[in-house]
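Chain residues, written in single-letter form:
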Amino acid sequence: KAVASTIDAQPARTKVLKAAKGVADEAERVLHAGRALSTDPKDASLSAASNRAKEGLDSAIDYLLASANSAGAGSEECDQAAEAIQRAAAEALTGFPSSQRGDLQEYAEELAQALKALDSALIQVQDAARNNPRQLGPAANLTASTMPPIMSSANNASAKTTDRVAGAAILSAGKQLADDTAYLLAQAKVAGSKPGDYNADQALTAAMKEVRTDMAELLKAVDSAIPGKRDLLASRDMIEASLGRLTKPSVMSENPQINLREISEAARRLTEALGRIVASARHFPEKLGPYSKEAAAAVSDIIDASKDAASHDNAAGVHLSATRVNLDGDKAAAHIADAPAMLDDTKAVARDTSDLIAHVKKAAQRETDSAKKRELIIATDKATQAATILAEAAKAVANRQPGAEQQLVNAAKQLETTIRAVLKSNPRSKSGQDFIPLLDAARKVAEETSKLVDVLRVVSGKPKDATAQTQLVVHAQATGEAIRGLVEAAENLTCGHKECKEAVDIIQRAIGDLDATAISATVPGLLKAPASKAGATNQQCKEELIALSRDLAGVTSKLVNASKNNPEELGASAKAASELVPQIVESAIALTAATADSKAQQDQLKLVKNAVDSLLVLVQASRMAIGNPHDKDVMLSLAEAAKSVSGGITELVSSLRGGVLGLRACDEAMKAIDALVSELNSASSAGGKTYGQCTDELTVNAKNLVDKMSQMVAAAKNAQAQPEKVGETCLAVSKLMPVLVAVARASAGAATDDKVSQKLLASARTVVTTSRDCVGSTKNVAADPKNQASIIALSDSQRNVTTALAGLLGALREGATLERDAEMAIAKIQATTSDLDSAALFAAATAGQMEVQIQKGTSLDAVQQNLSKSVQKLSSTATAVSAGSTQNVSQEELGKRFKEYAGEIEQIAHQTKIVASLLGDLTAQQDVLTAAKALTLSSQSLILSARESASRPGDKASQEQLNKVSQSVAKSIKDLVDVSENASKDAVRGIKELDKAQTEIQRLIEFFEKQGGGSNTTNPREVLPCLRNLGTSTGQLVSNATSNKDALCRAAQDTTRHMEEMLNNLKGLEKVLGDKLNVRNELHTAGTKTAQTTLKLLDAAKSAKETPESQKELSQLSEGVADRIMDVVKALRQVPGGEGITGLHDSGPDFDAIAEQELRKAAKMIEDAANRLLASRPRPVNSGDFLTEEDINSAILEAARAITVATASLVKAATLAQRDRIAKQRDPKTKAFYRADPAWANGLISAAQAVGATTMDLVESSNGFVQRTEGTDDAILISSARQVAAATARLMAASRAKSDPFSETHATLGNASKEVANATQLLVEAARRAAEWVNQPQDVPLIDENADLSDVARRKAAIEAQARLLRLQAEMEKAQKAVTNINETAYKGAGMQQGGSSNPAQGRPLPGPGGAQGRPLPGPGRSGAPPGAQGRGGPVGGSGRGRGGPQPTRGN
């Protein structure tokens, strides 16, 4: 009660009295518990109750004492305020908004204002608790009143954000703030009740620090909920952390240049981030956070790299440590009211001072100036003493000593003064590497960036606020200026930076000079050489430019090495490069001025500019490499730049060096050639060589000289592209000249004529001097390739050399009579060969016509005899030529023999053409001409071999070759004689037989005109057989006029015999007629005209050829004979007993029926052949080739089967045509147009038999080829297919000759024939493919064109090749003749029997078409068909080669 009476505040008094009552109540409980326990001391429950009562009494007493002690110090207000704060937090922090207005930024601003009010209230609480406890209550109430707005703003911000995590963080931070604020009030109550208590005061200070931390965390949580502000806060923290690291010592860097490069790279990133920040601030505020983090990261890298770079600089270390000491001292003075923070700052000052002392010791050790060293040490000692005084003042403040706070402020000022003295005496680096400006610039960048981030926190919430945007621009500009200062400080510390920068400027100016020069060079006469290079020649400029380029290569190497290994040398290397470049450019300009060619000027300038451009890139890459020695991309760029410079220098030097070396080589070549002129004053010994051998060698050397000269001139004109070739070719010419001179002197010594010898020497001297002049002209052109005057002079020099060589070779020819005669002979023989080729081609194209003059009455026999005599004479001359080349015969004599031989060859060729022109057979004609041409070819080889042997006496190879060629000539002579005699013999035999027939028939006509005689025939019908036989024999005469001479002879004999029978029978019938003069005269006239027309036919057959005109004439005469025979038949009808005669073929076998029967047999044979092919199967073969044997066999059999199918179609069409013709022959309406024709029917029968037989042969060949039967190859298969094609063509022609041209069967025959031809072609292609697959052909050995052969060896190889060609041609002719002989033999073996029977059942081929109409059928030619079926295409009997239906090529 006494204490309560002293308390003014009613709540405090009540509290004390209630606490006293509580003590009384608890004491009563203790008494009751003690009494109960006394009754049973061992009762555990009573004992526990007694203890609890005792504890309750102790608590009540403590509460009473606390209430009494705090009475009157606002303790109650503190408690009530704490309860109000807790209650406000619980009520407000629900997560549900109390208001829908505003956004997060507005709530953040409200919260910031409310927190400021809270901080002010808490300061009053802290001050009241320490100094005026009676004001603690109002201060506590003020604190409680500030809490509801805080909690409300925090709750609204939490509810507004869409980030649940951020919202929960805001609520948690608000709750933590409320709790810590209540705790602070409790600590303030304790501190107010215990004035001067150190522990209570420290607890209150710690509580105050916690609350402020909570306020910062709450603001941070709300800001984090705003888009971008979290990153802004993190950025600010990162920048502040980096600023804190700046003043701390760093581990010594391995290479400061790397750190400087890192600073530049980080500055670049910071600049980019700054640009993005400014660009997105107004319209994309959500991007400010990420961009600010990029900026903060770049600032952090800048700070770290700056520290690392400055680690080598002791002055920088002193600077960092001293600055840190000063900063921490200022912090300690600023934290007077916050004892713990003040003490922490004091401890930091002590640590920083220790680091400062360490750095000062290192700096003092390197300082050589003792005065400066002493000054630094003294300043550091004073700073250390000031730091000690600061620590003692801080302790006094913490102990609340009177006046301690002022002592702390004074100590901080003293420390700042001593630190400035330390910084002033801090020794700077003597090498120029002062890193202190770099550190200051880095700090400046960090500070400005931090300010910028602070502005961004406002801008992110108010992007449209003009004031905020203005502040942003201002701080961005300040940050940009700070960055530029940082980059400049880093560049000033980079090794070689200054020198490289200067070098870049110099090189760029030099490049500009080169560009200006290139422009000036486009205008002729505008470009002038620099004054220092006035009068310099092209070669001098090139040599100087080469030397400077080599020096530049050395500087480039040093530059690269410095960039990689010695950064300190980079500046000197860059400076050396910058000094060389202007000299190079000056020399390049002088060289351009000394060059006339505009293209060469531009090319030279381009090469120099390429090298200088590459050097510029290298200098820039070297700057990059200094700071990035471990960056692969940077070092790769450096290597590529160095390679580019090296390549540019190499290209420049190569282009220049080639020209210089080429000009020097030209001088050497001219000097060497000049020395040879004196050697040509006299001839030298030939050394046992003949004049011909010397001539060959000199000719070869002259040719080589021409080649070398051409190469030299070409190289001179192309000197700009390949300058080194000029010197090489000039030296090659000079090396060739001594050989040519030696051979020329030897040729002069071997010449028998002194005039020729002197002319050779003079010509050789001219060659030497003109060659020397040509080399000099080449040098001039090489020096200036586009100088027209030099080019014209070079052309003239080259022309002079050519003229001189021509004179030298002419002089050689004057002494080489044998060579001249041999060339003339060969030229004459070659002309003869060409004439024979032309004659053969003309004859083949015109079916035997030849342009040769023949005297009238010239007989083939006489011409052949003359040819044989000429050939015998030629054989003797050939022997003389061969003997003369090996014997001691003069050149003149041997040359004369050459010319005689060529003349005889020309005569023989003319006689051969006459013989060929008189031959009617085209094959024989071509055989004779080919044999003559073979003789001319071998004769050329004979002349060549004889000349070679004469030029090289004793040469075994030449002699052996001459013997071979002589044998070849002898064989060619024999072949010509044999071929011409055989051909003439056949032709003469046929002509003689025709002459004999003409004579006999003429005799019969004379006998027929006389009275009397004749047979005893009285029945006109008995005359019909001889008329029929006469028609058949004349048809055979026409068919074999140009082919089978044996058949022709038999036909002539048969014609004579049947004519005799006809005239005798007619003369006998004239007796029966008596006085019926009209009939008698008509019969006589018809017989006479028949005989006369036959005479004309025999006369035409003698000169028949396979020309359209000749064949037409024969056909017309044959038709005339047939018409005259029909006139005889008409006359016979008027003779008594001849009234019933209706035609020439009323009796005898039914050839039409036989023909149809033979066609059916052929069809059956073809069907059987097709079945055999279908049954054939190719044998399986395990082959890995792409084209297997099974594929080949299948293709062969399929193609053969296609032929049989097509042939069967043709035979069926022919059968239908025959049936159609028979039907129309029997039809009264068309009977007059289709009369019986046994000759034609015989031809059709023969053709049908041939189709069946050749088809069976084809099947046999196909099966034999597939089964690999011996003797059956692709040639046999192709031949069989062509035999089928020939037979089917003959059958088609025979069928279409008598069919209606407008009928369907006529068109069907043509289509079927085309199918056979197509199928035959397919088989031929398949056989060829098979041959290529089965028989791998070997390449014909050839002479390698690159082989190093002598002239003799080459001529020998040429002669051998010609001889081989002649042998192959001879073999080919033999094979062709063998085929012809086989066909003729086969025909003879199956030829007509004596008596001229035309019955096909007798087993001989029937005669070709003739018959009543007398139109020969077209036939297949000489592809194996009987000669009687020789092609006479078309209704007029044209040649089988073109106009008359299908005609295969001649031969197999």
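Residues numbered from 1 in each chain as written. Predicted model: local features only at pLDDT ≥ 70, side-chain atom pairs only at ≥ 80, totals over all residues. Heavy atoms only, no water.

(A) Looking closely at the overall build of the protein. From N to C terminus, the protein includes 41 helices and zero strands. Within the protein, the fraction of its 1452 residues that count as buried is 50%. When contacts within the protein are restricted to residue pairs at least 6 apart in sequence, those whose partners lie at least 24 apart make up 80%. Counting every atom, the protein has about 67,200 Å² of accessible surface; 52% of that belongs to carbon and sulfur. (Helix = DSSP H or I, 4+ residues; strand = E, 2+ residues; numbered from the N terminus. Buried < 20%, exposed > 50% of the residue type's maximum accessible area, 1.4 Å probe, protein only. Contact = heavy atoms within 4.5 Å. Areas by Shrake-Rupley, 256 points an atom, 1.4 Å probe, with all protein chains shown as cover.)

(B) Representation of helix 33 (residues 1045-1073). Helix length check: helix 33, at 29 residues, gives a terminal C-alpha distance of 42 Å against a target of 42 Å (1.5 Å per residue), a fit within 8%. Of all 29 residues that make up helix 33, 21 are buried, and the element is covered over most of its length. Backbone geometry just after helix 33 places G1074 at a positive phi near 65°. (Expected span 1.5 Å × (residues − 1).)

(C) Focus on the pattern of salt bridges. Within this structure, the stated rule accounts for 34 salt bridges. Residue K189 pairs with D79 through a salt bridge whose shortest N-O separation is 2.7 Å. Separated by 110 residues along the polypeptide, K189 in helix 7 (residues 164-193) and D79 in helix 4 (residues 75-92) bring together distant segments of the chain. K189 sits in the buried class, given a relative accessible area of 19%. Taking the shortest distance from any N to any O, the salt bridge between D301 and R269 comes out at 2.5 Å. Taken together, the residues span a long stretch of sequence, with D301 in helix 11 (residues 288-309) and R269 in helix 10 (residues 256-280) at a distance of 32 residues. (Salt bridge = Lys/Arg side-chain N within 4 Å of Asp/Glu carboxyl O.)

(D) The packing of aromatic side chains, seen in detail. Overall, the coordinates contain zero aromatic pairs when judged by the stated rule. A cation over a ring is seen here: K287 above F284, with NZ or CZ 4.8 Å from the ring centre. Just above the ring of F1007 sits the side chain of K1067; from NZ or CZ to the centre is 5.6 Å. (Phe/Tyr/Trp six-rings, centres within 6.5 Å; stacked < 30°, edge-to-face > 60°. Lys NZ or Arg CZ within 6 Å of the ring centre and 35° of its normal.)

(E) Examining the nonpolar core more closely. Residues I507, V608, L615, L618 and V619 are the most contacted members of the largest nonpolar core, which totals 51 residues. With residues up to four places along the chain from it excluded, the contact list for L618 reads T556, L559, V560, L638, A641, A642 and V645. Counting residues in hydrophobic clusters, the runner-up holds 50 residues, among them L676, L705, A715 and A804. (Core = buried A, V, L, I, M, F, W, Y, C linked by side-chain atoms within 4.5 Å.)

(F) A look at the environment of F1007. In this fold, F1007 is placed in helix 31 (residues 956-1009). For the pair formed by F1007 and N1064, sequence separation is 57 residues and the distance between their alpha carbons is 9.3 Å. Excluding residues that lie within four positions of it along the chain, F1007 makes contacts with G1012, G1013, G1014, N1064 and K1067.

(G) Just the side chain of Q604, in detail. Considering the arrangement of structural elements, one finds Q604 in helix 21 (residues 598-627). With relative accessibility at 15%, the residue Q604 sits in the buried group. When sequence neighbours within four positions are dropped, the list of residues in contact with Q604 reads L591, T592 and T595.

(H) Summary view of the packing of helix 5 (residues 104-131) against helix 7. The geometry of helix 5 relative to helix 7 is characterised by a closest axis approach of 8 Å and an angle of 20° between their N-to-C directions. On the basis of the axis angle, helix 5 is roughly parallel to helix 7. For the pair helix 5 and helix 7, the sense of crossing is left-handed. Taken together, the residues of helix 7 that come into contact with helix 5 (itself represented by L115, L118, L122, V125 and A129) are L177, T181, L184, L185, A188, A191 and G192. Of the residues belonging to the contact of helix 5 with helix 7, the class tally is ten nonpolar, two polar and no charged. (Axes fitted to C-alpha atoms, helices over the stretch in contact; angles between N-to-C directions. Parallel < 35°, antiparallel > 145°, perpendicular 65-115°, else oblique. Left-handed = near helix turned anticlockwise from the far one by under 90°. Nonpolar A, V, L, I, M, F, W, Y, C, P; charged D, E, K, R; others polar.)

(I) Geometry of the environment of D197. Looking at the element boundaries, D197 is found in the loop between helix 7 and helix 8 (198-225). Sequence spacing of D197 and R130 is 67 residues, and the spatial spacing of their C-alpha atoms is 9.3 Å.

Remember, this is a structural readout, not a statement about activity or role.
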